[in-house]
Amino acid sequence: MIPAAFEYARASSVDEASKLLNKFGEDAKVLAGGHSLIPLMRLRLAQPAALVDINGIKDLDQIKESGGKLHVGALARHVAIHGSSVVNEKLPLLAEIAGEVGDNQVRNMGTMGGVIAHADAAGDYPTLALMLDADVVTNRRTIPARDFFKDLFTTALGPDEIVTEVVFPVANGPHKYVKFRRRLFDWAIVGVAAQKMNGGWRIGLTNVGPTPVRATAVEKALHDGAKAEEAAQHASDGLDPAGDLRASPEYKKHLARVLTKRAVLQASGQAEGKQ
Amino acid sequence: MKHKVAVTVNGRKHEHEVEPRLLLVHHLRDNLGLTGTHIGCDTSQCGACTILVDGKAVKSCTMFAVQAEGKSLTTIEGMAKDGELHPIQQAFWDEHGLQCGYCTPGFIMAAAYLLSQNPNPTEDEIRRGLEGNLCRCTGYVNIIKAVKSAAQTMSTAPARKTTVAAGGN
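Residue numbers restart at each chain and count upward from 1, following the sequence in its written direction. Throughout, the order in which chains and ligands are written sets their labels, letters from A for the former and numbers from 1 for the latter. Under the rules for a predicted model, residues below a pLDDT of 70 receive no local features and side-chain atom pairs below 80 are neither given nor counted, while totals for whole chains, interfaces and linings still include all residues.

Val52(A), Ile54(A), Ala129(A), Val192(A) and Ala111(B) are the most contacted members of the largest nonpolar core, which totals 139 residues. By definition, residue pairs are in contact when their C-beta atoms, positioned from the backbone, come within 7 Å. Filtering out sequence-adjacent residues up to four positions away, Val52(A) remains in contact with Ala9(A), Ala11(A), Ala17(A), Leu20(A), Leu21(A), Ala28(A), Val30(A) and Leu31(A). One nonpolar core equals one set of buried Ala, Val, Leu, Ile, Met, Phe, Trp, Tyr and Cys residues connected by C-beta atoms within 7 Å. Here the C-beta atoms are placed from the backbone, and a residue counts as buried if at least 20 other C-beta atoms lie within 10 Å of its own, exposed if 12 or fewer do, and partly exposed otherwise.

Next comes the structure, spelled out in structure tokens:
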């Protein structure tokens, strides 16, 4: 379908983008990769009054290590994140996840900032940001990921606030993202990320609630010496996922437990993989 | 309000005034008459509209024409040169990598991008590289074969040198 009409403006700086958002009012949206927004607009599920195109802002796509942290610019595309030598060295789990988003065409366009700001429950980067205590940096402030994701498609961002980068800790120990889906390019029905860091495990769950979930009960059980299969039983503690076309709430909870076990075992290099 | 869009498509410059909501695929088809780029779905999944934007495979149904300002695009119409099919087109013909042909332009452009990144892909890499394109006829087997065969032709023959099949019959 053809999207509803809207005003369009290109911003050449973050400051200009913020001013344009202000001018157009709260029905304006930022256009980055567009691969969540444009499909929604075509279905007329989204009808923004204006789009502020930030793709022309220089240096917003940078990926670098600085001060012992990995800085990923808002306009860094999935393809660049996946192929980045810095990411592969400093946070290989992020490179792995970036390579599992959508397909080649989607990865050529979609961006880190777009995924974070869109806050789809099935988005993969929010899970990683939450479980690793990443910071979301905007043109105004730095927001810890745990305070950023408020609800389904709802974040702490103000109407004229723009994500400029996401700052992750460096973590290059054992890691795995298990993304369960029917077809390669699909969103996760459920996804589980496992990262060994500072001697403990960080476990994050995708698409088992309106926002990403950190499986602290699993992390604690592993810390206390439980085996992966025992600890993974806690992955569904406190979860109340909504059912959707692909999975009932019970099935999602089952997947959370099974995939957590697989993620931890695979991250540890144990053979118990796909079954 | 309309916006100016200047794009280079298959080496030719075009300038139009367009509404912001005009999708790039509609611009190509309706304003430039390049109907080889197809529209197969409304959900950014099928890949029939795949083109190259500055060398990168993109679904032209998921980009507004205004976003293409100043960019260089290649569509299926830009693949053949001087009456000779591009090696990927030739391989799709030789290996019968199609049945109805509707998805074919998208597959060929996705394959062109894949081979530009990875000139000698394994079967698994080809399957992954084409995951953004759907074919409802072939079961993909001959498409994979075609891409493999094109990779061979392109790595052995000098750039873009290809022969029209000795009777494509």
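Moving on from the coordinates now.
Chain A puts 23 residues into the contact, and the matching count from chain B is 25 residues. Residue assignment for the side of chain A that touches chain B shows that the elements contributing at least two residues are strand S1 (7-10), helix H2 (37-42), strand S3 (50-53) and helix H6 (104-109) of chain A. Put simply, DSSP H or I for four residues or longer makes a helix, DSSP E for two residues or longer makes a strand, and each gets a number counted from the N terminus. If you tally residues by element for the side of chain A that touches chain B, the top one is H6(A), at five residues. Throughout, the ten residues Ala, Val, Leu, Ile, Met, Phe, Trp, Tyr, Cys and Pro are labelled nonpolar, Asp, Glu, Lys and Arg are labelled charged, and all others, Gly among them, are labelled polar. Within the side of chain A that touches chain B, the residues separate by chemical class into 13 nonpolar, six polar and four charged.

Next up on the list: the domain arrangement of chain B. Residues and elements named next belong to chain B. Taken domain by domain, chain B holds domain 1 (3-76) and domain 2 (87-156). Segmentation into domains, and thus their bounds, comes from an automatic or database assignment. The gap between the C-alpha centroids of domain 1 and domain 2 is 21 Å. With 16 residues of domain 1 at the contact, the number on the domain 2 side is 13 residues. When residues of the side of domain 1 that touches domain 2 are traced back to their parent elements, those giving at least two are strand S3 (50-53) and strand S4 (56-59).

On a regular strand, each side chain points to the face opposite its neighbour's, so the side chains alternate between the two faces of the sheet. By the convention used here, strands pair only if DSSP detects at least 2 bridges between them. Relative to strand S5 (residues 69-73) of chain A, strand S4 (residues 63-66) of chain A runs antiparallel, the two being bridged by four bridges. In the strand pairing of S5(A), Ile63(A) is matched with Val72(A).

Further remarks concern the domain arrangement of chain A. Segmenting chain A into domains produces domain 1 (7-53), domain 2 (63-169) and domain 3 (175-267). Centre-to-centre separation of domain 1 of chain A and domain 3 of chain A, based on C-alpha positions: 34 Å.

All names here are of chain B. Lines fitted to C-alpha atoms define the axes here, with helix axes fitted over just the stretch in contact, and angles between the N-to-C directions of these axes take values from 0 to 180 degrees. With their axes 8 Å apart at the nearest point, helix H2 (residues 87-94) and helix H5 (residues 141-156) run at an angle of 135° to one another. In terms of orientation, H2 lies oblique with respect to H5. Our pair here, H2 against H5, has a crossing hand that is right-handed. On H5, the residues that touch Pro87, Ile88, Ala91, Phe92 and Asp94 of H2 are Ala146, Ser149, Ala150, Thr153 and Met154. Class assignment for the residues of the contact of H2 with H5 results in seven nonpolar, two polar and one charged. Angle categories are assigned with fixed cut-offs, so that under 35 degrees is roughly parallel, over 145 is roughly antiparallel, 65 to 115 is roughly perpendicular, and the rest are oblique. The sense of a crossing depends on the near helix, which, turned anticlockwise from the far helix by less than a right angle, makes the crossing left-handed and, turned clockwise, makes it right-handed.

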